[in-house]
Amino acid sequence: LSLFYGASAVKIAVCIKRVPVMEVKFAITADGSRVDEAGLKYDVNDFDLWAIEAALQLKEKNGNVGEVAVISLGPDAAQEQIRKALAMGADRGVLLQADRIPADGLAIARALAAEIKEGGYDLVLFGRIAIDSMNQMTGPMVAELLDLPCVTNVFKLDITGTTGRAERALEGATEVMEFPLPAVLTIDDGLNKERLPSLKGIMAAKKKPLDVKPAQLGDAKVTVHKMALPPERAAGRILGDSSAAVPELVRLLQTEAKVL
Amino acid sequence: MANVLVFAEVRGGDLRKVALEAVTAGRALAELSGGGSVHALLAGDAGIGAKAASLAQYGADSVLVLEHAGFTQYNPEALAATVAQQLGGGTYGYALFSATAQGRDLSPRVAAKLGVGLAADLTGFTVEGGSVLGQHFNMNGKVVATLALAGTPALLSVRPAAFQPAEAPRALATTAITSAVDPSASRVKVVELKLGNTGKLDLNDAPVIVAGGRGLKAPENFKLCEDLADAFGNAAVGATRAVTDEGWRPHSDQIGQTGRNVSPNLYVAVGISGAIQHLAGMRTSKTIVAINKDKDAPIFKIADYGIVGDVFEVMPALIAAVKAAKAQG
Ligand SMILES: Cc1cc2nc3c(=O)[nH]c(=O)nc-3n(C[C@H](O)[C@H](O)[C@H](O)COP(=O)(O)OP(=O)(O)OC[C@H]3O[C@@H](n4cnc5c(N)ncnc54)[C@H](O)[C@@H]3O)c2cc1C
Ligand SMILES: Nc1ncnc2c1ncn2[C@@H]1O[C@H](COP(=O)(O)O)[C@@H](O)[C@H]1O
């Protein structure tokens, strides 16, 4: 990454979501309306860690980045994820407080856009997708609401002056895009690996500003009707421990699975 | 009754298979909502209109054709403005996109412009009391949410391969449309499209996927996966993140949470442990075969058929056996 602008202090915002750690067996509440939260652990959405890392690298490599702000919409407990971002090196945090994070991407995008608009950022980074909602829509929605240029699924990025060049991942192909700043980007896997917060970073984070204000959530057009666990796959069969099992495998692929 | 506008995805001047899947899904949606019309929107450089016939073949009652040099490559800003303009006219109850990199870039822009709801990456849907109920994975694929989508027009995107294209021939009817904004004025521009694996089947189009993991030990050993894919004839080769991180295979071949979502008829996992992030991208495959020397590898928990063995011993035999089975017809 290279960068940026003339003398003025550049501002970067990163939107981060608190999401459950996925290495668990999820349960659904008895009324079938949502995931049972008992016992779940939480972390920053993976893609958002890479977005934070991208912002921090821009700041380190360019003297004129004035601040990296992280914004999260979620419950009070999301302060923990904001503190993690601050410990990694972000400068300040904003919690847009909502007891429940809605399923409707546009409702989230509107609340984030209102906050971002106030901040007057030069670059606004999102993750490609939140691994809990799997919506993959918030970044481009915010861009549209603020009328900012937007490139999604960015796995390579270069910014020179006020022009950016990004490579975005398609299925089996790559699009190379050019865009002017200010802009919105959504960050994909492959751009970087996030740093771990250092002990010093964790101490420093405690003193960094974290604003808490209510999220301006409007009407939701998309709601959860019900939640369920996908059907379990029937237990599989071990056919053998060497190439001796190959004839049986081929027979089953022909007669049972009918894929050969 | 509700009419459906289907966005037909084009890459490099060609219709993608997902465009036909979207038309098929659009037909289903129109029928479920009491029998409306399906219109497809097809945008590209001069001459793209020639592709309208396949859309009609799969059930588009009418094709809105937008031909302009400014749409030779994906032009997100001008397309979003144009799709929003078409939807703003009151003709449509729904707009349907493919849940691809392109469709998932375009549809949120349109939703935000119109202030309407978007339910993304649906694997199926019904219509109840005039509103769509769509199945959408949550939690990395470990939970299925049924989303209710209110308002008009309502936007949805469908997961690649969730709907198989079904012919439903209509007489070809096309209408030329123009861009809602000057397409050369877009701030974001595609300056290059790099096609990977040209001439090979894309992971989302392949009925069979042979995926390799770190158990293959070295990049040259992916020849075993290539050879098995060739033996099947209709197969593509995928990889785990361990493999793409090593640079053994391109990032675009990565399957999983941070890579591609696939659901082929047959998924053969070769030397793959089955980490949760990998399973997130392939667990909906119809039949899963795993070859791994560790009997406790988590991949065996979701595999229909497993061989606990050394890939270098098992794969040559499997390649030969599949070739022989194919030769017999
Ligand atoms: C945020 C995040 C996102 C991620 N996203 C993805 C993703 O999208 N996709 C993905 O794949 N991973 C992803 N990962 C990585 C994932 O956690 C695993 O590390 C990865 O999938 C492991 O790849 P593997 O199975 O090839 O390698 P390993 O886990 O090393 O497994 C290799 C397997 O090969 C077997 N083996 C070794 N030698 C032989 C032999 N001779 N014969 C037979 N079997 C043999 C071993 O028993 C072992 O089970 C992600 C991780 C994180 C933290
Ligand atoms: N509640 C939230 N708070 C802050 N950022 C969010 C929130 N939800 C989504 N985002 C951002 O939008 C990205 C995509 O989320 P989604 O559209 O839900 O898949 C995430 O990676 C975050 O960067």
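Let me sum up the structure you'll find in this document.

Rules and cut-offs
For every chain, the first residue of the written sequence is number 1, and numbering continues from 1 along that sequence. In the order they appear in the text, chains get letters beginning with A and ligands get numbers beginning with 1. Local features in a predicted model are, by the rule used here, given only for residues with pLDDT of at least 70; side-chain atom pairs are given and counted only at 80 or more, and totals for whole chains, interfaces and linings are based on all residues. The side-chain values count all of the structure's non-hydrogen atoms but skip hydrogen atoms and water molecules. Helix and strand definitions here come from DSSP, where helices need a minimum of 4 consecutive H or I residues and strands a minimum of 2 consecutive E residues; each element is numbered from the N-terminal end. Buried means the residue's accessible area, taken with a 1.4 Å probe over protein chains only, is under 20% of the maximum for its type, while exposed means over 50%, and partly exposed covers the values in between. Any two residues whose heavy atoms approach within 4.5 Å are treated as being in contact. Only the protein chains shown count as cover for residues, and all accessible areas are computed by the Shrake-Rupley method using a 1.4 Å probe. Think of it this way: Lys and Arg go in the positive column, Asp and Glu in the negative one, and His and the chain ends go nowhere. The location of each charge is read from NZ of Lys, CZ of Arg, CG of Asp or CD of Glu. When two parts are brought into contact, each loses some accessible area as probed by a 1.4 Å sphere; the total of that loss over both is the buried area. Salt bridges, as used here, are contacts in which a Lys or Arg side-chain nitrogen is within 4 Å of a carboxyl oxygen on Asp or Glu. A cutoff of 4 Å decides nearness: a residue is near a molecule or strand if any of its heavy atoms lies inside that distance of it. Polar contact criterion, stated in full: a pair of N or O atoms within 3.5 Å, where within protein one must be able to donate a hydrogen and the other to accept it, and residues adjacent in sequence count only if both atoms are side-chain atoms. Cavities and pockets are found on a 1 Å grid laid over the protein atoms alone: a cavity is a set of points where a 1.4 Å probe fits but cannot escape, a pocket is an open set with protein on both sides within 12 Å along at least five of seven lines, and a lining residue has an atom within 4 Å of such a point. Whether a molecule sits in a cavity or pocket is decided by its atoms, more than half of which must lie within 2 Å of the grid points. By definition here, a helix of n residues has an expected span of 1.5 Å times n minus one. The pairing criterion is simple: DSSP has to find at least two bridges between the two strands. Angles run from 0 to 180 degrees between N-to-C directions of axes, and those axes are lines fitted to C-alpha atoms, restricted for helices to the stretch in contact. Grid points are joined across faces, edges and corners, and a volume is the space filled by probe spheres set on the points. When residues are grouped by polarity, Ala, Val, Leu, Ile, Met, Phe, Trp, Tyr, Cys and Pro land in nonpolar, Asp, Glu, Lys and Arg in charged, and all others, Gly among them, in polar. Pairing of aromatic rings covers Phe, Tyr and Trp, the last counted by its six-membered ring, and requires centre-to-centre distances within 6.5 Å; plane angles under 30 degrees mean stacked, over 60 mean edge-to-face, and any other angle means tilted.

## Here's the deal with the overall build of chain A
Scanning chain A for helices and strands turns up six helices and 13 strands. If you line up chain A on its principal axes, its C-alpha atoms span 70 × 45 × 40 Å. Out of the 260 residues in chain A, the part that is buried amounts to 55%. Once local pairs closer than 6 in sequence are excluded, the contacts in chain A between residues at least 24 apart make up 72%. With the model as given, the accessible surface of chain A reaches about 10,800 Å², and the carbon-plus-sulfur share is 52%. In chain A, the 31 positive side-chain charges and the 35 negative ones have mean positions that sit 2 Å from each other.

## Brief notes about the interface of chain A and chain B
Contact residues are listed per partner, giving 80 residues for chain A and 87 residues for chain B. Across the chain A/chain B interface, buried area totals approximately 7,000 Å², and carbon plus sulfur atoms make up 57% of it. For the chain A face of the interface with chain B, the top three residues by lost area are A:M134, A:E171 and A:R233, together amounting to 12%. Taken together, chain A and chain B are joined by nine salt bridges. The residue A:D189 makes a salt bridge to B:R241 at a minimum N-O spacing of 3.1 Å. The biggest single contributor to the side of chain A that touches chain B is strand β9 (residues 173–180) of chain A, with eight residues.

## Topic: the site of ligand 1
Within the structure, ligand 1 sits among 27 residues, and B:R214, B:K217, B:T240, B:T258 and B:S273 are positioned closest to it. Between ligand 1 and B:R241, the relevant distance is 3.0 Å, taken from an oxygen atom to a main-chain nitrogen or oxygen of the residue.

## Structural notes on the site of ligand 2
Residue and element names in this part refer to chain A. Lining the immediate environment of ligand 2, one finds 20 residues, of which C15, D48, A130, Q136 and T138 sit closest. In the environment of ligand 2, a nitrogen atom lies 3.4 Å from a nitrogen or oxygen atom belonging to the backbone of I16. Residue L73 places a main-chain N or O atom 2.7 Å away from a nitrogen atom belonging to ligand 2. Expressed as a share of its isolated accessible area of 480 Å², the protein-covered part of ligand 2 is 100%. With respect to the pocket detection grid, ligand 2 is positioned in the largest cavity. Those elements giving two or more residues to the shell around ligand 2 turn out to be β4 (65–74), α3 (105–119) and β6 (123–127). Ranked by residue count, the leading element in the shell around ligand 2 is β4, at three residues.

## Details of the environment of B:A119
Tracing the backbone through its elements, the reader meets B:A119 in strand β7 (residues 118–128). Spatially, the C-alpha atom of B:A119 lies 6.4 Å from that of B:L155, the residues being 36 residues apart in sequence.

## Thoughts on helix α9 (residues 311–327) of chain B
For α9(B), built from 17 residues, the straight-helix expectation of 24 Å at 1.5 Å per residue is met to within 8% by its first-to-last C-alpha distance of 23 Å. Elements that come into contact with the buried residues of α9(B) comprise α6 (246–255) of chain A together with α5 (223–232), β15 (266–270), β16 (287–292) and β17 (305–308) of chain B. Regarding α9(B), its N-cap is B:D310, as a side-chain oxygen of that residue lies 3.0 Å from the backbone nitrogen of B:F312 further along.

## Things to note about the sheet that holds strand β11 (residues 174–176) of chain B
Strand order across the open sheet formed by ten strands is β12(A)-β9(B)-β8(B)-β7(B)-β10(B)-β6(B)-β1(B)-β4(B)-β5(B)-β11(B), with mixed pairing between neighbours. A strand with exactly one partner marks an edge of an open sheet, and here the two such strands are β12 (222–228) of chain A together with β11 of chain B. Adjacent strand axes in the sheet meet at a mean angle of 30°, parallel and antiparallel pairs treated alike. Direction of pairing for strand β6 (residues 92–98) of chain B relative to strand β10 (residues 154–158) of chain B: parallel, over a ladder of five bridges.

## Looking at empty space enclosed by the protein
Using the criterion set out here, one finds three cavities of 30 Å³ or more in the structure. Here the largest cavity is characterised by a volume of approximately 310 Å³. Together, 24 residues line the largest cavity, and A:K17, A:I108, A:F126, A:A130 and A:T138 are the ones closest to its centre. In this model, the second largest cavity occupies a volume close to 170 Å³. Taken together, 16 residues line the second largest cavity, and the ones lying closest to its centre are B:V10, B:F71, B:Q73, B:Y74 and B:Q102. Here the residues of the lining of the second largest cavity sort into nine nonpolar, five polar and two charged.

## So, the packing of aromatic side chains
Residue and element names in this part refer to chain A. According to the stated counting rule, one finds three aromatic pairs over all chains in the structure shown. Summarising the aromatic geometry, the rings of F47 and W50 are spaced 5.1 Å apart at their centres and angled 75° between planes, so their arrangement reads as edge-to-face. Remark: W50 and F47 occur in helix α1 (residues 46–61); sequence separation between them is three residues, near one turn of the helix. A relative accessible area of 0% means that F47 is categorised as buried.

## Digging into the pattern of salt bridges
Under the definition given, this model contains 41 salt bridges over all chains. Across the salt bridge formed by B:R16 and A:E171, the nearest N and O atoms sit 2.8 Å from each other. Of this pair, B:R16 sits in the loop between β3 (14–15) and α1 (17–32) while A:E171 is found in the loop between β8 (163–170) and β9, placing the two residues in two different chains. For the pair formed by B:R16 and A:E171, the shared burial category is buried.

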